[in-house]
Amino acid sequence: MLQPPSDKSPLRIHHHYIYICAWAFVGSIILYLPGKLTYVDALLLATGAATQSGLTPVALDRLHTVQQVTLWFITMVTNIIFVHSLLVLIRLYWFRKRFRNAIRDAKSVCRTHRRRQNEHLAEVQTVTPTSPGWGPSRYSSESTPTRRPSTDGEEGRASSPHISFDRGLRPLRPPHWRRSYSSSFSRTTTDYGTEGLGERDGTFMPLLPSLTWQQSIASYSDWDETQKEELGGIEYRALKTLMVILVCYFVALHALGAVLCAAWVSLDARHGRLLEDMGISRSWWAVFTAGSAFNDLGFTLTSDSMESFRTAPLPLLVMTFLIVAGNTGFPCFLRLIIWVLSKVTGYGTALDEELQFLLEHPRRCFTLLFPRGETWRLVGVLLALNAFDLLVFYTLQITPQKITPVESGMRIINGLFQIASTRTAGFSITSLRLLHPAVQVSFVIMMYISAFPIAISMRKTNIYEEKSLGIYEDDEDNIDWVTGRPVAPPNSWTAHIQHQLGFDLWYVMLGFFLIALAEGAHMQRRHGPDAAFSLFPVLFEIVSAYGTVGLSLGYPRSETSLCGQFSAAGKLVIIAMQLRGRHRGLPHAIDHAILLPCDAQPMGGDGEWWWKRWLKRRSSLGSVVGARREEGTAGEVERLL
């Protein structure tokens, strides 16, 4: 019977669970120690920060500054961009570990070559040659084993382990010729050498970097970064460039949001006094709010979320941009940045090659970087969803009588902010309990499908990338692993949507049942504040927790989310829903962007590193020399080696 493809990646989904849960646990201890919180509330807050859920059992303005800083820091190190960027660092680390193996194997091959060469020369010295040029003048008893001379002035240092590049060779192709990296066996313009290994037998494989093989090979610590980049190839260099882009993106947008919010609140007297009356520092409000928006957390230091700022266009527009750039729109912005850099970078330079590789093999390098077509589809889906929700919100919104009406222009800005918050961030511009029921239902739908666009794009492009790399040559995705018979490939989008709907629905229903069981006494009361414990508000809270959004219909005469009124058992269910929902948008286990170089086969498709194949070929050439030494000449020896 056919078996499903094996997953050799050492990275599993439980590692992500461990990372998120560890930060939630550490954060809960730090939040609990200063006081003002029960441990269950501290755990709920910390879990909300670690999963970017944002449901608040207590008002944050009553917390100590240390507790507020803890929430701000936890959400930064568990942000989706931060976590996925860690995978890039892990792959770079494993690339470097493999470099050490390359040097070790190269040393072994060189020692074998020298031994065979010395044995052959020892036999040659005992024979009286008759051919011209073969005599004591060339090989005397005092001669040393023949070796290839160094081209960079390293002769005379054979006693010191060293490995060097031949700087005198020229690129195989003109530097102005832009090449495509669509083939996994490709070679860049920076590769040096004379021919690819295996070209004579009909197969092609890139050369090991043009190293001058001396009597000993250097240790890893003697290598500079240029040599490591040459051995790592274009994928290693592209990952390094991508890491720089990700770090700059993460830091720059945090800083930009904080600076803009700080500048605005320092110049706006009315809102500045509002914060001071609450005992909130203006600068700390700017830093915390910008971070909460970019990380899609939804926590605010003001107890009414952003309702107090519903007439301030600048912070709402800045936060709307940060909300989109930090989550749903991040893959689109990332590809746009790489594309722009490729247009302004010098043609044919090393950076240009790395950017082109990222654009042509996005899912080979990063889980949240998609091909051009899929990126445009993602843009279209996001615009369509937000446009629909904005239309519903704008046409059915009714301004409560106790709130001062705003102009039509501000209503549009309020709508843009609220719709952007609905799918990920969880900020609110008005009391959600006072909205039209149809708007509340549309919010539930948007929170439920919040992870669909990116998750589906991630899994859909992962299948494409695997097939483009030749990992699954038998089209195993279209095989029924129970019967072993081929099945017709379903429509990709339809299949992914159906799978995601079925995957999420039973978790939501299970959480709904458990909350109804834990809070049954409250839900049976039909009078007073407990009327807020009806089925729909509880379902709204459950979907918000599972969708890691943080919106809540709230509780009368309370500044917290509805879950703040739950019992300890109900809060633990909310915590479990947040943790499970945080992991529903992750890629499948078999994903090239999370495979390590040893498993991903970066330059070959036969399960073996290309430099290992090169070394084996070198070793086999040494065996040929030994077999032919009785009938060969010194010239033949030099040609083979």
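Please refer to the structure higher up on the page.
Residues numbered from 1 in each chain as written. Predicted model: local features only at pLDDT ≥ 70, side-chain atom pairs only at ≥ 80, totals over all residues. Heavy atoms only, no water.

Peer 1: Sorry if this is basic, but what is going on with the packing of aromatic side chains here?
Peer 2: Two aromatic rings, taken as a pair, are described by how far apart their centres are and by the angle between their planes. Enumeration according to the criterion identifies 23 aromatic pairs in this entry. Aromatic pair Tyr 249 and Phe 294: ring centres 6.2 Å apart, planes at 50°, arrangement tilted. Taken together, the positions of Tyr 249 in helix 5 (residues 225-267) and Phe 294 in helix 7 (residues 282-294) put the pair 45 residues apart, joining distant regions of the chain. Taken individually, Tyr 249 and Phe 294 each receive the classification buried, so the pair is uniform in this respect. With centroids separated by 6.3 Å and ring planes inclined at 80°, the aromatic side chains of Phe 330 and Phe 366 adopt a geometry described as edge-to-face. Taken together, the positions of Phe 330 in helix 9 (residues 330-344) and Phe 366 in the loop between helix 11 (362-365) and helix 12 (372-396) put the pair 36 residues apart, joining distant regions of the chain. Judged on exposure class, the residue Phe 330 and its partner Phe 366 are both buried. (Phe/Tyr/Trp six-rings, centres within 6.5 Å; stacked < 30°, edge-to-face > 60°. Helix = DSSP H or I, 4+ residues; strand = E, 2+ residues; numbered from the N terminus. Buried < 20%, exposed > 50% of the residue type's maximum accessible area, 1.4 Å probe, protein only.)

Peer 1: Got a minute to help me understand empty space enclosed by the protein in this structure?
Peer 2: Summary: where empty space remains is shown by rolling a probe the size of a single water molecule over the atoms. Taken as a whole and assessed by the stated rule, the structure comprises seven cavities of 30 Å³ or more. In this structure, the largest cavity spans a volume of roughly 360 Å³. Broken down by element, the residue count for the lining of the largest cavity peaks at three residues, all from helix 15 (residues 452-468). (1 Å grid on protein atoms, 1.4 Å probe; cavity = no way out; pocket = protein on both sides within 12 Å on 5 of 7 lines; lining within 4 Å. Points joined across faces, edges and corners; volume = space filled by probe spheres on them.)

Peer 1: Mind showing me how you'd approach the environment of Met 509 here?
Peer 2: Along the chain, Met 509 turns up in helix 16 (residues 492-518). Taking the relative accessible area as the measure of exposure, Met 509 reaches 41% and is therefore partly exposed. Along the backbone, Met 509 and Leu 539 are 30 residues apart, and their C-alpha atoms lie at a distance of 8.9 Å.

Peer 1: What should I look at first to understand the side chain of Arg 580 in this one?
Peer 2: As for its position among the elements, Arg 580 is in helix 19 (residues 568-582). The side chain of Arg 580 is buried and forms no salt bridge, while Asp 504, the nearest opposite charge, is found at 6.3 Å. A distance of 3.3 Å separates the side chain of Arg 580 from the side chain of Tyr 17, its partner in a polar contact. Other than its neighbours up to four places away in sequence, Arg 580 contacts Tyr 17, Phe 503, Tyr 507 and Tyr 546. (Lys, Arg positive; Asp, Glu negative; His and termini not counted. Salt bridge = Lys/Arg side-chain N within 4 Å of Asp/Glu carboxyl O. Polar contact = N/O pair within 3.5 Å; in protein donor to acceptor, adjacent residues only side chain to side chain. Contact = heavy atoms within 4.5 Å.)

Peer 1: Mind showing me how you'd approach a nonpolar patch on the surface here?
Peer 2: On the surface, Phe 25, Val 26, Ile 29, Ile 30, Tyr 32, Leu 33 and Val 66 cluster together to form a nonpolar patch covering roughly 630 Å² of accessible area. Judged by its relative accessible area of 40%, Val 26 falls in the partly exposed class. (Patch = residues over 30% accessible without salt bridge, like charges linked within 9 Å, V, L, I, M, F, W, Y side chains within 5 Å. Areas by Shrake-Rupley, 256 points an atom, 1.4 Å probe, with all protein chains shown as cover.)

Peer 1: Can you help me understand the pattern of salt bridges in this one?
Peer 2: Opposite charge on two side chains lets them pair, provided their charged atoms get close. By the definition in use, this model includes nine salt bridges. Between Asp 41 and Lys 571 there is a salt bridge, with the nearest N and O atoms lying 2.6 Å from each other. With Asp 41 in helix 2 (residues 39-51) and Lys 571 in helix 19, this residue pair connects regions lying 530 residues apart in the sequence. When its relative accessible area of 9% is taken as the criterion, Asp 41 is described as buried. Under the relative-accessibility criterion, Lys 571 is labelled buried at 9%. Put simply, Arg 237 and Glu 353 hold a salt bridge, and the shortest N to O gap is 3.2 Å.

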